[in-house]
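These are the residues of each chain, in order.
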Amino acid sequence: MVKREWEIIVETVTAVAVGVFLGLQVYYGYVYESGIWTILYHLLPMGLLYVGMIFLQIFPEILNGSNEPLPKLVRMYAVRMIRICKLFLVTGVLVPSVADVLGIKMNSAYSLIIMGGILGTIGYYFYRIFQYNSSQKK
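In this report, we go over the structure that sits alongside the text.

## Brief notes about the overall build of the protein
At step 1: Counting its regular elements, the protein contains five helices and zero strands.
At step 2: Across the protein, helices and strands are ordered from the amino to the carboxyl terminus as α-α-α-α-α.
At step 3: Its C-alpha atoms give the protein principal-axis dimensions of about 60 × 30 × 25 Å.
At step 4: Considering only contacts in the protein between residues 6 or more positions apart, those separated by 24 or more positions represent 69%.

Shown next as structure tokens:
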């Protein structure tokens, strides 16, 4: 499978997971007769995080702290890092919601595993960017 196809699959799975999460939150609000503000408090953080990470995918130069364009390979690594971190984040929120619907109690180590995945992804791509920058200075 080509990298580009893999990235499309990751992005599609993430978008579907966000849709399922939002649907579950509305379902919870209906079943438990929550007020509109409670539903908004559940939907707003996920919506803002998702939109913010999409914004970073479109403009990864923000990670660099300047408007200066990133080299092509660094930009590609930054976008992949954000895309995979977004998948981990959405999955980390969706799985406990689905477990609640199914009546399954989540182990407390689950959030540590998700954070480890996010930090591992960031560390891996920072290392790849560091390697690229080091090879360019030679």
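## With respect to the packing of aromatic side chains
One pair of aromatic rings is described through two measures. These are the centre distance and the angle between the planes.
At step 1: Evaluation of the coordinates by the stated rule reveals four aromatic pairs.
At step 2: On the numbers, 6.1 Å between centres and 45° between planes, the contact of Y77 with Y125 is tilted. Linking Y77 in helix α4 (residues 72–102) with Y125 in helix α5 (residues 109–137), this pair joins segments that are 48 residues apart in sequence. For the pair Y77 and Y125, a shared accessibility class is recorded, and that class is buried.
At step 3: Relative to Y125, the ring of Y124 has its centre 4.9 Å away and its plane inclined at 80°; by these criteria the two rings are edge-to-face.
At step 4: Residue class for Y125 comes out buried when judged on its relative accessible area of 9%.
At step 5: Among the aromatic residues, those joined into a cluster by ring pairs are Y77, Y124 and Y125.

## Some details on the nonpolar core
At step 1: Core analysis: the largest hydrophobic core is formed by 13 residues, its most contacted members being V74 and C85.
At step 2: For this core, the secondary structure elements donating two or more residues are α4 and α5.
At step 3: What C85 contacts, discounting residues up to four positions off in sequence, is M53, I118, T121 and I122.
At step 4: Among the nonpolar cores identified, the runner-up in size contains eight residues, and A17, V18, V90 and L94 belong to it.

## With respect to a nonpolar patch on the surface
At step 1: On the surface, V16, V20, Y27, Y30, V31, Y32, V98, V101, L102 and I104 cluster together into a nonpolar patch covering about 1000 Å² of accessible area.
At step 2: Only α1 (3–31) and α4 provide two or more residues apiece to the nonpolar patch.
At step 3: If you tally residues by element for the nonpolar patch, the top one is α1, at five residues.
At step 4: Tracing the backbone shows I104 in the loop between α4 and α5.

## So, the layout of surface pockets
At step 1: By volume, the largest pocket amounts to about 240 Å³.
At step 2: Lining the largest pocket are 14 residues, with N64, L70, V74, I129 and N133 sitting closest to its centre.
At step 3: The element that contributes the greatest number of residues to the lining of the largest pocket is α5, accounting for four residues.
At step 4: Of the residues that constitute the lining of the largest pocket, the class distribution is 11 nonpolar, two polar and one charged.

What counts, and where the lines are drawn
Residues numbered from 1 in each chain as written. Predicted model: local features only at pLDDT ≥ 70, side-chain atom pairs only at ≥ 80, totals over all residues. Heavy atoms only, no water. Helix = DSSP H or I, 4+ residues; strand = E, 2+ residues; numbered from the N terminus. Contact = heavy atoms within 4.5 Å. Phe/Tyr/Trp six-rings, centres within 6.5 Å; stacked < 30°, edge-to-face > 60°. Buried < 20%, exposed > 50% of the residue type's maximum accessible area, 1.4 Å probe, protein only. Core = buried A, V, L, I, M, F, W, Y, C linked by side-chain atoms within 4.5 Å. Patch = residues over 30% accessible without salt bridge, like charges linked within 9 Å, V, L, I, M, F, W, Y side chains within 5 Å. Areas by Shrake-Rupley, 256 points an atom, 1.4 Å probe, with all protein chains shown as cover. Salt bridge = Lys/Arg side-chain N within 4 Å of Asp/Glu carboxyl O. 1 Å grid on protein atoms, 1.4 Å probe; cavity = no way out; pocket = protein on both sides within 12 Å on 5 of 7 lines; lining within 4 Å. Points joined across faces, edges and corners; volume = space filled by probe spheres on them. Nonpolar A, V, L, I, M, F, W, Y, C, P; charged D, E, K, R; others polar.

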